[in-house]
Each structure stands twice: as C-alpha cells, then as structure tokens.
Amino acid sequence: SDCTAEGLKSVLAMQTRLACLGGGASGGSPNLRIPFERLAAAVEVLLTLQNFDGGFATYENTRGYGWFEWLNPSEVFGDIMIDY
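The following refers to the structure shown. (Residues numbered from 1 in each chain as written. Predicted model: local features only at pLDDT ≥ 70, side-chain atom pairs only at ≥ 80, totals over all residues. Heavy atoms only, no water.)

## A short note on the overall build of the chain
Link 1 in the chain: Looking only at helices and strands, the chain features 2 helices and 0 strands.
Link 2 in the chain: Burial statistics for the chain: of 84 residues in total, 14% are counted as buried.
Link 3 in the chain: Within the chain, residue pairs in contact and separated by at least 24 positions form 30% of the contacts whose partners lie at least 6 positions apart.
Link 4 in the chain: With an accessible surface of roughly 6,800 Å², the chain has 63% of that area assigned to carbon and sulfur atoms. (Helix = DSSP H or I, 4+ residues; strand = E, 2+ residues; numbered from the N terminus. Buried < 20%, exposed > 50% of the residue type's maximum accessible area, 1.4 Å probe, protein only. Contact = heavy atoms within 4.5 Å. Areas by Shrake-Rupley, 256 points an atom, 1.4 Å probe, with all protein chains shown as cover.)

Following this line, the structure appears as structure tokens:
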C-alpha cells in the first residue's frame, strides 16, 4: 500500500510537472503518460485498504476484535494482536 501510494503520488507529480514544462494540458508526450485506467486501479487498491472508520492501519485492514488483545501472551508489547 505504501509503494502504491508513493508511486501514484510520483506519477501525478511528474505528469503535472510535464504539463507545466510545455507538455500542454495532456501532461506531455502521450507515450510518457500512465493510462487513466492504471491510475484508477492504484486508487482502487488504496481504497480497499481503508478501514471502516475511514482510517488506514499500518499493515492491513483491521479485521480483529478488541478482545483479541486478551490473548496477548506478552505484557511488554501491549496492543499488538490487531493492527489499529
């Protein structure tokens, strides 16, 4: 997810820069542009990783319940059973 977000951010920034450098509204040469469908697919991947509360966990969607923390065998590492 981090790689997808960073890649999407970079592509959008570069296409904007190409448009500002004289590539016109199309964002530069057509063979340098990433197709809209691929950009939309990247956005779709990011949105599938969003939690129900609107936030994003660090690794994957929050799928566990709060009571899973009771199963945590370690007192040193609290709140590690589910990703918040």
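There is more to say, and it comes next.
## As for the environment of glycine 7
Link 1 in the chain: Mapped onto the elements, glycine 7 comes out in helix α1 (residues 2-23).
Link 2 in the chain: Overall, the relative accessible area of 31% leaves glycine 7 in the partly exposed class.
Link 3 in the chain: As for glycine 7 and leucine 39, which are separated by 32 residues in sequence, their C-alpha atoms are 9.7 Å apart.

## Regarding a nonpolar patch on the surface
Link 1 in the chain: Nonpolar side chains collect at one region of the surface, where Trp67, Trp70 and Leu71 lie side by side and expose about 450 Å² of accessible area between them.
Link 2 in the chain: With respect to the helices and strands, the residue tryptophan 67 is situated in the segment after α2 (36-48).
Link 3 in the chain: A relative accessible area of 45% places tryptophan 67 in the partly exposed class. (Patch = residues over 30% accessible without salt bridge, like charges linked within 9 Å, V, L, I, M, F, W, Y side chains within 5 Å. Salt bridge = Lys/Arg side-chain N within 4 Å of Asp/Glu carboxyl O.)

## Comments concerning the environment of glutamine 15
Link 1 in the chain: Relative to the helices and strands, glutamine 15 resides in helix α1.
Link 2 in the chain: Under the relative-accessibility criterion, glutamine 15 is labelled buried at 9%.
Link 3 in the chain: Between the C-alpha atom of glutamine 15 and that of arginine 33, which follows or precedes it by 18 residues, the distance is 6.8 Å.

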